[in-house]
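Here is what each chain is made of, one letter per residue.
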Amino acid sequence: MSRVIDLNADMGESFGAWQMGQDEDLLEVVTSANIACGFHAGDASTMVRTCSAAARRGVRIGAHVAYRDLAGFGRNFIDVPPAQLRDELVYQIGALCTIARTAGTRVDYVKPHGALYNAIVHHEGQAGAVVQAVAAVNQTLEQPLAILGLPGSAVLAEAERTGIRAVREAFADRAYTADGTLVSRRLEGAVLHDQDQVAARMVELVRSGTVTAVDGSTVTIDVESVCVHGDSPGAVAMARAIRTALEADGMDLRAFA
């Protein structure tokens with residue numbers, strides 16, 4: 001029996017006249033789309049356009065929520081009080097849910113972005129705020145939202161305690177530390193660019209549940225989804241290489257939601 005794996009990518013990150021990514025091309029490859037909700041990137045028109053394009057291709061949608069940090073692309077940690085963070089996340093998720101409905105589709109999950117994603121690996125207060133926001137929105141929906149995050153993170157542990165589906169993901173184009181967290185983008189070698197190497201690495205990860213860390217150690221990571229960053233140079237070619245390699249190895253590429 002083939003292993004089912006999701007391939008997701010961040011997209012919808014253009015803002016006004018500033019364009020980022022190749023969303024239309026990526027949507028031909030991935031099975032899930034993490035769409036920016038206007039706080040780190042994206043705007044109303046971009047959200048509408050990206051949701052509509054995803055709907056046409058049958059690609060599942062996730063709310064790519066973030067700190068209010070347009071200038072820093074959501075990559076700066078902000079010490080937001082948990083109650084305020086919860087409200088700002090409800091605002092972002094709610095906006096995308098409504099836009100998705102106007103496009104004839106729906107939001108199926110939430111994936112925090114950038115510094116927020118990294119913070120809630122260990123920051124229990126902010127991790128709790130993310131879970132509380134998703135739980136609040138879920139009370140208004142027929143189909144509850146899942147949370148996509150890093151294996152072993154505080155946010156996924158809290159999601160499971162709360163009864164929210166926790167989906168574990170790996171990053172195709174990012175290096176890992178020995179404890180299974182991502183190497184900081186501030187360090188050399190944090191982002192991987194060789195698409196053949198990345199594709200082979202993801203086949204091994206999905207098949208064996210392990211990945212080699214930057215120090216040469218083996219890290220165990222059990223995942224349901226693999227992420228390609230839409231803002232990375234060559235993201236479309238890399239996504240195609242990963243999908244081709246996974247399918248050649250007998251994997252069934254399908255959305256987890």
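This one's a predicted model, so the numbers in the text were calculated from it and none came from an experiment.

Reading the values: rules and limits
- Residues numbered from 1 in each chain as written.
- Predicted model: local features only at pLDDT ≥ 70, side-chain atom pairs only at ≥ 80, totals over all residues.
- Heavy atoms only, no water.
- Helix = DSSP H or I, 4+ residues; strand = E, 2+ residues; numbered from the N terminus.
- Expected span 1.5 Å × (residues − 1).
- Buried < 20%, exposed > 50% of the residue type's maximum accessible area, 1.4 Å probe, protein only.
- Arc of directions from axis to C-beta.
- Contact = heavy atoms within 4.5 Å.
- Core = buried A, V, L, I, M, F, W, Y, C linked by side-chain atoms within 4.5 Å.
- Axes fitted to C-alpha atoms, helices over the stretch in contact; angles between N-to-C directions.
- Parallel < 35°, antiparallel > 145°, perpendicular 65-115°, else oblique.
- Left-handed = near helix turned anticlockwise from the far one by under 90°.
- Nonpolar A, V, L, I, M, F, W, Y, C, P; charged D, E, K, R; others polar.
- Salt bridge = Lys/Arg side-chain N within 4 Å of Asp/Glu carboxyl O.
- Polar contact = N/O pair within 3.5 Å; in protein donor to acceptor, adjacent residues only side chain to side chain.

Trainee: Hey, could you run me through helix 2 (residues 44–57) in this one?
Mentor: Turn by turn, an α-helix covers 3.6 residues, leaving residues three or four places apart pointing in a common direction. With 14 residues, helix 2 should reach 20 Å at 1.5 Å per residue; the first-to-last C-alpha distance of 20 Å fits that figure. Taken as a whole, helix 2 has its buried residues at Thr 46, Met 47, Thr 50, Cys 51, Ala 53 and Ala 54. The buried residues of helix 2 occupy one face: seen down the axis, they fall within an arc of 165°. Opposite its buried face, helix 2 presents the exposed residues Ala 44 and Arg 56, each directed more than 90 degrees away. Elements in contact with the buried residues of helix 2: strand 1 (4–11), helix 1 (23–26), strand 2 (32–36), strand 3 (60–64) and helix 3 (82–102). Count one or two residues on from helix 2 and you reach Gly 58, which has phi positive near 70°.

Trainee: Hey, could you run me through the environment of Ala 53 in this one?
Mentor: Checked against the element boundaries, Ala 53 lands in helix 2. For Ala 53, the contacting residues outside a window of four places in its chain are Glu 24 and Leu 27.

Trainee: What's the story with the nonpolar core in this structure? I'm lost.
Mentor: Soluble globular proteins: nonpolar side chains tend toward being buried together. Ranked by internal contacts, the top residues of the largest apolar core, which has 84 residues, are Ile 93, Leu 96, Ile 147 and Ile 242. If we skip the residues at most four places from it in the chain, Ile 242 touches Leu 7, Ala 172, Val 198, Ala 199, Met 202 and Val 228. Ala 146, Leu 148, Val 167 and Phe 256 belong to the second-largest nonpolar core, a separate cluster that totals five residues.

Trainee: What's the story with unusual backbone geometry in this structure? I'm lost.
Mentor: Keep in mind that most residues, glycine aside, have a negative phi and that most peptide bonds are trans. One non-glycine residue, Phe 73, lies in the positive phi region at around 55°. Along the chain, the position of Phe 73 falls in the loop between strand 3 and helix 3.

Trainee: Whenever I open this one, the packing of helix 7 (residues 195–208) against helix 8 (residues 235–248) confuses me. Can you help?
Mentor: Helix-helix packing is characterised by the crossing angle of the two axes and by the distance between the axes. Direction vectors running N to C along helix 7 and helix 8 enclose 40°, while the axes themselves pass 9 Å from each other. Between helix 7 and helix 8, the angle is such that the two are oblique. Handedness of the helix 7/helix 8 crossing: right-handed. On the side of helix 7, the interface is formed by Gln 195, Val 198, Ala 199, Met 202, Val 203 and Val 206, while helix 8 contributes Ala 237, Met 238, Ala 241, Ile 242, Ala 245 and Leu 246. Taken together, the residues of the contact of helix 7 with helix 8 sort by class into eleven nonpolar, one polar and no charged.

Trainee: I keep staring at the pattern of salt bridges and nothing clicks. Help me out?
Mentor: Any two side chains of opposite charge can pair if their charged atoms end up close together. Scanning the entire structure with this criterion turns up 17 salt bridges. Where Arg 161 meets Glu 158, a salt bridge forms, and the shortest distance between an N and an O atom there is 2.7 Å. Taken together, the residues Arg 161 and Glu 158, both in helix 6 (residues 154–162) and three residues apart, mark about one turn of the helix. Using a relative accessible area of 62% as the deciding quantity, one classes Arg 161 as exposed.

Trainee: When you look at the packing of helix 5 (residues 124–138) against helix 6 in this model, what are you seeing that I'm missing?
Mentor: Contact geometry for helix 5 and helix 6: axes closest at 9 Å, N-to-C directions at 45°. It follows from the interaxial angle that helix 5 and helix 6 lie oblique. For the pair helix 5 and helix 6, the sense of crossing is right-handed. The residues of helix 6 that touch helix 5, namely those facing Glu 124, Ala 127, Gly 128, Val 130 and Val 131, are Ala 154, Val 155, Glu 158, Ala 159 and Thr 162. When the residues that make up the contact of helix 5 with helix 6 are grouped by side-chain class, the tally is six nonpolar, two polar and two charged.

Trainee: I keep staring at the environment of Asp 194 and nothing clicks. Help me out?
Mentor: Tracing the backbone shows Asp 194 in the loop between strand 6 (166–171) and helix 7. Of the residues examined, Asp 194 reaches a relative accessible area of 42% and is grouped as partly exposed. Note: C-alpha distance between Asp 194 and Gly 234 (40 residues apart in sequence) is 9.6 Å. Only 3.1 Å separates the side chain of Asp 194 from the backbone nitrogen of Gln 197, close enough to count as a polar contact.

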